[in-house]
Amino acid sequence: MQVISVPSAPFAGQKPGTSGLRKKVTVFRQERYLENFVQSIFDTLSGQQGQTLVLGGDGRYYNDVAIQTILRMAAAAGFGRVLVGRDGILSTPAASAVIRKWRAFGGIILSASHNAGGPDGDFGIKYNLGNGGPANEAFTDAVYRRTLEISAYNSIDAPDIDLSRLGELRVGDMIVNIIDPVADYAELLESLFDFERIAALLARPDFRMRFDAMHAVTGPYARAILEDRLGAPAGTVVNGTPLPDFGGGHPDPNPVYAAELVAALADGSSGLSFGAASDGDGDRNMIVGRGFVVSPSDSLAVLAANHALIPAYAGGLAGVARSMPTSCAVDRVAAALGIPCYETPTGWKYFGSLLDAGKATLCGEESAGTGSDHVREKDGLWAVLYWLNILAVRDLPADVIVREHWQRFGRNVYSRHDYEGIDTAKGDHLMNELRSRLPQLPGAEFAGLHIVSADDFAYTDPVDGSRSECQGIRILLDEGSRVVFRLSGTGTEGATLRVYLERYVADPDRHEVPTQEALAPLIGLAEAVAQIAAITGRSEPDVIS
Ligand code: VG1
Ligand code: CO
């Protein structure tokens, strides 16, 4: 096998964001663009000779082309074996499960997650370490530095291989195993939950669920697990065939992009009692009861509070962790359980060290991501099965379970407002202005709200001591209310401003007040403090979740 060195030169901007490098397909299609980034990953590794790499993606446009290129480059980099999902498919949590089960050296996941796909959509690439989790910041920073000085990439001269059939092939001297993308993952999930009980629930005539795969990667996983293994009626999984452009939609399971599912659950004549959806790469989840969307932050708290009902977690939770902007609902559960609750920056990569060290068992983010120590990624179908397991044991509808949770712990009323595609300079200006005003904010009053403290969130990892600065501006108010501002690190066009709003309501008589109404004073405060309309020219958010 002869390694060919192809001269190249750096591209600007190959800086991984919240979750890998995400760019327009048109950017990735530039000659040498993908190759440069992959070579920079390989150059940052050491010791991969003869080792196993896991490779797969969410099936979006350009997945097939990128996989063949990466296979040739992995052979040139000296990997001994690559495990690749059939047709190049692996959901993000499944890739994590495969890396862990087969003790691989690491994995490359091709996905831009919830971002739209197709020739004019987005593409993404991310490296996961041998623990199955996203590489930490130290690694992604090193990859970025490497992209700025790269002068050549290595490949071999080998034809594309057929990824449509299971089996063993070779690319150069490297073995390629084409694996069933679902099997290892399904087996893992089956070991965590009470499948018999869930099957009995799904067989009940008065219980009907719908899982919306949003034309993205979870279709085959959901069919195999919900319909084949658990016996849910055929048709339970809708939009279940992964399409390269996700049917033209936005595979983001929130009330805006999964509006059809929410509407079906709100329509009594649909006969549905439970709904769920996942995103492009299968790591997010949305849980919907009858006429009731479960807020992801509440979902994390409910999962933690009900852990004793789940076989895998009945022995107790070591701790829980949430990203900083996620509501503090789970903190109250942790306090009641007498276990630690960690607050990390946004992005799953920060949970890895806590999970590896056995400090946290459950983790979650307000952006519809929850997961546990079974893998090192958030996991959409895992969350759905966890909910089904709770419903099966408690024999109550999802909305009642959440309402009872509020009765016991109080309600952390929560919402996120996204201003998408704003001018990058304006986004930066808004954040800089806010940052410069931080010292004046504590003690200030806005329409009856009192600011207790304000800072730019920084995090020191309690396991490895690494420090991450500038992770979002938080304004803390009386009685557990908060407003948080961040710029998204996953978008590919302009900047997206995220404003996170939270208010704690203890009084059960006020739990049913509509969310946006309950948060109105905080929305006013956010506008007054950050001058969103004046700086961005936007008077309304694009997405409210
Ligand atoms: C968003 C979410 C964050 C999540 C990240 C990756 O990041 O807010 O919670 O971890 O997406 O999720 P940002 O930087 O745009 O706010 V996924 O499902 O896109 O891999
Ligand atoms: Co995702």
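The present account deals with the structure reproduced in this document. (Residues numbered from 1 in each chain as written. Chains lettered and ligands numbered in written order. Predicted model: local features only at pLDDT ≥ 70, side-chain atom pairs only at ≥ 80, totals over all residues. Heavy atoms only, no water.)

This brings us to the overall build of the protein. Helices and strands together make up the secondary structure of the protein, namely 18 helices and 27 strands. Taken over the C-alpha trace, the protein has a radius of gyration of 23 Å; the compact-globule value for 545 residues is 24 Å, and the two agree within 12%. Structurally, the protein occupies a C-alpha span of about 70 × 60 × 40 Å along its principal axes. Taken over 545 residues, the protein has a buried fraction of 57%. For the protein, the proportion of contacts with a sequence separation of at least 24, taken over those separated by at least 6, is 72%. When the accessible surface of the protein is totalled, it reaches about 19,900 Å², and 48% of it is carbon and sulfur. Placing the 48 positive and 67 negative side-chain charges of the protein at their respective mean positions leaves the two points 2 Å apart. (Helix = DSSP H or I, 4+ residues; strand = E, 2+ residues; numbered from the N terminus. Rg over C-alpha atoms; globule rule 2.2 N^0.38 Å. Buried < 20%, exposed > 50% of the residue type's maximum accessible area, 1.4 Å probe, protein only. Contact = heavy atoms within 4.5 Å. Areas by Shrake-Rupley, 256 points an atom, 1.4 Å probe, with all protein chains shown as cover. Lys, Arg positive; Asp, Glu negative; His and termini not counted. Charge placed at Lys NZ, Arg CZ, Asp CG, Glu CD.)

Next up on the list: unusual backbone geometry. Although it is not a glycine, F246 sits at a positive phi angle of roughly 55 degrees. Its location among the elements puts F246 in the loop between strand 11 (237–238) and helix 9 (259–266). Notably, A447 is not glycine yet its phi reads approximately 45 degrees, a positive angle. Structurally, A447 can be placed in the loop between strand 20 (445–446) and strand 21 (449–456).

The next point concerns the coordination of the cobalt ion (ligand 2). Distances from the cobalt ion (ligand 2) to its protein donors, namely S113 (OG), D279 (OD), D281 (OD) and D283 (OD), fall within the range 2.0 to 2.1 Å. Read from N- to C-terminus, the donor residues coordinating the cobalt ion (ligand 2) fall into the pattern S-x165-D-x1-D-x1-D. The exposure classification of D281 matches that of D283, with both residues buried. (Donors = N, O, S within 2.8 Å, 3.2 Å for Na, K, Ca; no water.)

Throughout the structure, instances matching the rule amount to 34 salt bridges. Between R284 and D279 there is a salt bridge whose closest N-O contact spans 3.8 Å. Note on accessibility: R284 and D279 belong to one class, buried. A salt bridge links E343 to R474; the shortest N-O distance between them is 3.3 Å. One end of the pair, E343, is in strand 16 (residues 341–344); the other, R474, is in strand 24 (residues 473–477), and 131 residues separate them in sequence. Residue classification places E343 among the partly exposed residues on the basis of a relative accessible area of 24%. A single network of salt bridges, built from pairs that share partners, joins R322, D331, E343, D455, R474, R482 and E502. (Salt bridge = Lys/Arg side-chain N within 4 Å of Asp/Glu carboxyl O.)

Take the site of ligand 1 next. Not every one of the 20 residues close to ligand 1 is listed here, only the nearest: T18, S113, S367, T490 and R498. D283 places a side-chain nitrogen or oxygen 2.9 Å from an oxygen atom of ligand 1. A distance of 2.8 Å separates an oxygen atom of ligand 1 from a polar atom in the side chain of R284. The residue inventory of the shell around ligand 1, partitioned by class, reads no nonpolar, ten polar and ten charged. (Near = heavy atom within 4 Å. Polar contact = N/O pair within 3.5 Å; in protein donor to acceptor, adjacent residues only side chain to side chain. Nonpolar A, V, L, I, M, F, W, Y, C, P; charged D, E, K, R; others polar.)

Attention now goes to the pairing of strand 5 (residues 106–110). Buried residues dominate strand 5, accounting for five of its five residues. Residues of strand 5 alternate between two faces, with G106, I108 and L110 on one and G107 and I109 on the opposite face, all of them buried. The sheet contact formed by strand 3 (residues 52–57) and strand 5 spans five bridges and is parallel. Of the residues in strand 5, the one forming a bridge with G56 is I109. Sheet topology places strand 5 next to strand 6 (residues 122–128); four bridges connect them, and they run antiparallel. In the sheet register, I108 faces strand 6, and the bridge partner there is Y127. (Pairing = 2+ DSSP bridges.)

With that out of the way, let us pick up the packing of aromatic side chains. Applying the stated criterion across every chain yields a total of 17 aromatic pairs. When the ring of F42 is compared with that of F79, the centres are 5.5 Å apart and the planes differ by 55 degrees; the resulting orientation is tilted. Of this pair, F42 sits in helix 2 (residues 33–44) while F79 sits in the loop between helix 3 (63–76) and strand 4 (81–89); the two residues are 37 residues apart in sequence, bridging distant segments of the chain. Classification of F79 by relative accessible area gives buried; the value is 3%. Considering the side-chain rings of F79 and F105, the 6.2 Å spacing of their centres and the 70 degrees angle between planes classify their relative orientation as edge-to-face. Within this pair, whereas F79 is found in the loop between helix 3 and strand 4, its partner F105 is found in the loop between helix 4 (92–101) and strand 5, the two being separated by 26 residues in sequence. Pairwise contacts between aromatic rings join F11, F28, Y33, Y62 and F123 into one cluster. Positioned above the aromatic ring of Y504, the side-chain terminus of R332 is 3.4 Å from the ring centre. Across the ring face of W406, the terminal group of R411 is positioned such that the distance to the ring centre comes to 4.1 Å. (Phe/Tyr/Trp six-rings, centres within 6.5 Å; stacked < 30°, edge-to-face > 60°. Lys NZ or Arg CZ within 6 Å of the ring centre and 35° of its normal.)

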